[in-house]
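Each chain is listed here by its residues.
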Amino acid sequence: MGSREQAVEKKEEIFFEPFRVYTNIGSRDNHFTPSGFMPDGQCIEFSDRWQENCHSDRTCIRMVYDVECSRQGGRWIGIYWQNPPNNWGTRKGGYDLTGATKLTFWARGEKGGERIEEFKMGGISGDYPDTDTAFIGPVYLTPEWKQYTIDLRGKDLSYVSGGFSWSTNVDVNPEDCIFYLDDISYE
């Protein structure tokens, strides 16, 4: 096969510069807002300015899931990072992330053994729905930082307003669940 034929068969590669969901509190590189507290945000303590034992730089995200509180209500919990904030598909605003092949993030548990049922991107429905969804889970966290990857190859990322989310429940975390996230990025 000649070089001309090889050039025709070679797929056009799309360059994708990393698109950050979270790097540090207040960073101009942060996209999406942690605003979709599910089911109602009553049983979670959220801090995106935690400064102890972060994966990199000066801040990371710390979540404390109050399981006893959750037993009185929906028995599950989660957070969506959305654009625009609090958007459940009722407003325009998502990003075109075409060219991204993965969503990476770092996570660790306070003690280890914390179970997160799902880490996800996309999945927002409504008048302005996400064009696709992808997830991993369940994930058992360790007390050491570990990088996780959600494979986005073959996904339609032309409109993403639900940039990142996680969820878990009381059945798989019978005691309080404390965990940390850092360096969330589309690549």
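Up top is the structure these notes are about.
Computed from a predicted model, the values in this text were never measured in an experiment.

Rules behind the numbers
- Residues numbered from 1 in each chain as written.
- Predicted model: local features only at pLDDT ≥ 70, side-chain atom pairs only at ≥ 80, totals over all residues.
- Heavy atoms only, no water.
- Helix = DSSP H or I, 4+ residues; strand = E, 2+ residues; numbered from the N terminus.
- Buried < 20%, exposed > 50% of the residue type's maximum accessible area, 1.4 Å probe, protein only.
- Contact = heavy atoms within 4.5 Å.
- Pairing = 2+ DSSP bridges.
- Axes fitted to C-alpha atoms, helices over the stretch in contact; angles between N-to-C directions.
- Core = buried A, V, L, I, M, F, W, Y, C linked by side-chain atoms within 4.5 Å.
- Disulfide = S-S within 2.5 Å.
- Phe/Tyr/Trp six-rings, centres within 6.5 Å; stacked < 30°, edge-to-face > 60°.
- Lys NZ or Arg CZ within 6 Å of the ring centre and 35° of its normal.

Novice: Help me get a handle on unusual backbone geometry, residues and values and all.
Specialist: Omega for the peptide link from Asn-83 to Pro-84 comes to -10°, which places this bond in the cis form. Tracing the backbone shows Pro-84 in the loop between β5 (76-82) and β6 (102-109). Here the amide bond leading from Gly-137 into Pro-138 is cis, since omega sits at 0°, within 30 degrees of zero. For Pro-138, the location among the structural elements is in the loop between β9 (133-136) and β10 (139-140).

Novice: For the environment of Arg-49, give the residues involved together with the corresponding values.
Specialist: Note that Arg-49 resides in strand β3 (residues 44-50). A residue is classified by how much of its surface remains accessible, and Arg-49, at 54% relative accessible area, is exposed. Between the alpha carbons of Arg-49 and Phe-15 there is a distance of 32 Å; along the sequence they are 34 residues apart. Dropping the residues within four chain positions of it, Arg-49 is found in contact with Ile-25, Thr-59 and Cys-60.

Novice: Give a description of the pairing of β9 that names residues and reports values.
Specialist: Across the two faces of β9 the burial differs, with Ala-134 and Ile-136 buried and Thr-133 and Phe-135 not buried at all. Taken together, the four bridges between strand β8 (residues 118-122) and β9 define a ladder with antiparallel strand orientation. Paired with Gly-122 across the two strands is Thr-133, which belongs to β9.

Novice: With reference to specific residues and values, describe the sheet that holds strand β2 (residues 33-38).
Specialist: Pairing within the open sheet is antiparallel, and its five strands lie in the order β2-β5-β12-β8-β9. One side of each edge strand has no neighbouring strand; the edge strands of this open sheet are β2 and β9. For this sheet, the mean angle separating the axes of adjacent strands, direction not counted, is 20°. In this sheet, β5 lies alongside β2 in antiparallel orientation, the contact comprising five bridges. Of the residues in β5, the one forming a bridge with Thr-33 is Gln-82.

Novice: Account for the nonpolar core, with residues named and values stated.
Specialist: Core analysis: the largest hydrophobic core is formed by 39 residues, its most contacted members being Phe-105, Phe-119, Trp-166, Leu-181 and Tyr-186. In terms of residues, this core owes the most to one element, strand β13 (residues 177-186), which gives five residues. Discounting chain neighbours no more than four positions away, the residues touching Leu-181 are Cys-60, Ile-61, Met-63, Trp-81, Phe-105, Trp-106, Ala-107, Phe-119, Trp-145, Phe-164 and Trp-166. Among the nonpolar cores identified, the runner-up in size contains six residues, and Cys-54, Val-64, Trp-145 and Tyr-180 belong to it.

Novice: Which residues make up the state of the cysteines, and what are the values?
Specialist: Summed over the entire model, instances satisfying the criterion amount to two disulfides. Note that Cys-43 is cross-linked by a disulfide to Cys-69, the S-S spacing being 2.1 Å. In this structure the cystine formed by Cys-43 and Cys-69 twists about its S-S bond by roughly -65°; its chirality is therefore left-handed. A residue pair is termed long-range when its members are at least 10 positions apart, and Cys-43 in the loop between β2 and β3 and Cys-69 in helix α2 (residues 67-71) qualify at 26 residues. Residue Cys-43 is classed as buried on the basis of its relative accessible area, which comes to 11%.

Novice: Can you tell me about the packing of aromatic side chains, naming the residues and giving the values?
Specialist: If you walk through the whole model with that rule in mind, you get 15 aromatic pairs. For the pair Phe-19 and Phe-32, a centre-to-centre distance of 6.2 Å together with 80° between the ring planes defines the contact as edge-to-face. Of this pair, Phe-19 sits in strand β1 (residues 19-22) while Phe-32 sits in the loop between β1 and β2, and the two are 13 residues apart along the sequence. Side by side, Phe-19 and Phe-32 carry an identical accessibility label, which is buried. When the ring of Phe-37 is compared with that of Phe-46, the centres are 5.9 Å apart and the planes differ by 90°; the resulting orientation is edge-to-face. The class of Phe-46 is partly exposed, set by a relative accessible area of 23%. Taken together, the ring pairs in this structure connect Phe-37, Phe-46, Trp-81, Phe-105, Phe-119, Tyr-148 and Phe-164 into an aromatic cluster. When the ring centre of Trp-50 is taken as origin, the NZ or CZ atom of Arg-62, which lies over that ring, is 4.3 Å away.

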